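Architecture and fold: a report
Here is how the chains run, residue by residue.
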Amino acid sequence: MRNVRLRRGIWGLVAWVCGLCFFLPFAWMVLTSLHGESDAATNPPSVAAPLTLQGYREFFGASTGVSPWPPLLNSLTASVLSTLLVLALSIPAAYALSIKPVRKWTDVLFFFLSTKMLPAVAGLLPVYLIAKNVGMLDNVWLLVILYTSMNLPVAVWMMRSFLAEVPAGILEAASLDGAGLPTVLVRIVAPVAAPGIAATALISFIFSWNELLFARVLTGVVAGTAPVFLTGFVTSQGLFLAKVCAAAVCVSLPVLIAGFAAQDKLVQGLSLGAVK
């Protein structure tokens, strides 16, 4: 019994250390954002320096008059719409690959996985030329389409593992009662696999919100996203650390709020099927 308690205590300590290692950089960024530029630039940084909200005022355009709300709304629009499309496409696909497997379903899964083998930068020029020819440059709908296609393979793989855990007896009972595919997906599969759906949605939202490469090249003034707006704080005049940290905190908040709101579903979804 002592050995068991000792092992649990050691692993608990390791878990706390790992958690602090992940949390401390963000906490340090928040603390730096509350300092003045002169205090933030000291080496080593001054922890006990006076606190100020000047960095946040600069982010919201106190001196430049540039509002961050259009980029934030563009990111929110592209991320939410692409996540909804990813769920609408990945759930039926995962249903066909797990619960009602199609022929050569392993080949289908490999095809989805193979689309992630090409580096994103390798497809940047063709995507740019296509978007230019169809007149969709600097358009938020172009980002919705791109983010959907980029996150769909990962979502299909995740949803397939989640839907594979749905009890077959429930589906057979629904079929005997005459339930069609839409009814089965909405009333049976979705509630049972809700943690997996929440985990897939959250990961797709995070990937879309944090995407920078395509948004930087394919957008401009109208459809620029929050990560693109964030890069504008690195200027030729230098790196203003407090201002950059304040902007990074504000841009990170939507993802943190979404993760905190869905943390129970995320843990259940990521651990679904781990223990038989």
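Now for a quick tour of the structure. What you see as residue numbers is a count from 1 along each chain, following the sequence as written. Only residues with pLDDT of at least 70 are given local features in this predicted model, and only at 80 or more are side-chain atom pairs given and counted; all residues enter the totals for whole chains, interfaces and linings. Only hydrogens and water are set aside when side-chain values are computed; all heavy atoms of the structure are taken into account.

1. Overview of the overall build of the protein
Within the protein, the regular secondary structure consists of 14 helices and two strands. Principal axes of the C-alpha set define a box for the protein whose edges measure 70 × 70 × 30 Å. For every residue, the accessible area obtained with a 1.4 Å probe (protein chains only) is divided by the maximum for its type, and the residue is called buried under 20%, exposed over 50%, and partly exposed between those limits. For the protein, with 276 residues in total, the buried portion stands at 35%. Contact criterion: two residues are considered in contact whenever any of their non-hydrogen atoms come within 4.5 Å of each other. In the protein, 75% of the contacts between residues at least 6 apart in sequence involve partners at least 24 apart. If you sum the accessible surface of the protein, you get close to 16300 Å²; carbon and sulfur atoms cover 71% of it. Both charge centroids of the protein, one from 16 positive and one from 10 negative side chains, sit 10 Å from each other. Secondary structure is summarised from DSSP: a helix means a run of H or I of at least four residues, a strand means a run of E of at least two, and numbering begins at the N terminus for each. For the area figures, the Shrake-Rupley method with a 1.4 Å probe applies, and any residue is considered shielded solely by the protein chains shown. By the counting rule applied here, Lys and Arg register as positive and Asp and Glu as negative, while His and the ends of each chain are not counted. Every charge is mapped to an atom, namely NZ of Lys, CZ of Arg, CG of Asp or CD of Glu.

2. Quick word on the state of the cysteines
The disulfide definition used here is simple: a pair of cysteine sulfur atoms within 2.5 Å. Applying the stated criterion across every chain yields a total of zero disulfides. The thiol sulfur of Cys21 is not disulfide-bonded, and the nearest other cysteine sulfur, from Cys18, lies at 6.3 Å. A relative accessible area of 52% places Cys21 in the exposed class. The closest cysteine sulfur to the non-disulfide-bonded Cys245 is located on Cys250, 11 Å from its own sulfur. Note on Cys245: relative accessible area 11%, which makes it buried.

3. Some words on the environment of Ala41
Following the sequence through the fold, Ala41 ends up in the loop between helix 2 (37–40) and helix 3 (54–59). Overall, the relative accessible area of 59% leaves Ala41 in the exposed class. The spatial distance from the C-alpha of Ala41 to the C-alpha of Phe110 is 49 Å, given a sequence separation of 69 residues.

4. Observations concerning helix 9 (residues 181–192)
In an α-helix, one full turn covers 3.6 residues, which means residues spaced three or four apart are oriented alike. Here the expected length of a helix is defined as 1.5 Å per residue gap, with one fewer gap than residues. Taking 1.5 Å per residue as the helical rise, helix 9 with its 12 residues ought to reach 16 Å, and the 15 Å between its terminal C-alpha atoms agrees with that figure. Listed as buried for helix 9 are Val184, Leu185, Ile188 and Val189. Projection of helix 9 onto a plane perpendicular to its axis shows the buried side chains occupying an angular sector of 130°, all on one side. Pointing more than 90 degrees away from the buried face of helix 9 are the exposed residues Pro182, Val186 and Arg187. Read the arc as the range of directions from the helix axis to the C-beta atoms.

5. What to know about the side chain of Thr200
In this structure, Thr200 sits in helix 10 (residues 194–210). A relative accessible area of 1% places Thr200 in the buried class. Among all residues touching Thr200, those that are not within four sequence positions of it are Leu87, Ala155, Met158, Met159 and Phe162.

6. Brief notes about a nonpolar patch on the surface
Exposure above 30% relative accessible area and the lack of any salt bridge qualify a residue for a patch; like charges then connect within 9 Å, and the nonpolar side chains Val, Leu, Ile, Met, Phe, Trp and Tyr within 5 Å. What counts as a salt bridge is simple: a side-chain nitrogen of Lys or Arg found within 4 Å of a carboxyl oxygen of Asp or Glu. Taken together, the side chains of Phe60, Trp69, Leu73, Leu76, Val80 and Leu84 present a nonpolar region at the surface, about 570 Å² in accessible area. Its place among the elements puts Phe60 in the loop between helix 3 and helix 4 (69–98).

7. Some remarks on the environment of Met136
Along the polypeptide, Met136 turns up in the loop between helix 6 (124–133) and helix 7 (140–163). Its relative accessible area of 22% is what places Met136 among the partly exposed residues. Through-space distance from the C-alpha of Met136 to that of Leu218 is 8.7 Å; in sequence the pair is 82 residues apart. Non-local contacts of Met136, meaning those with residues more than four positions away in its chain, are made with Ala131, Trp141, Leu142 and Ile145.

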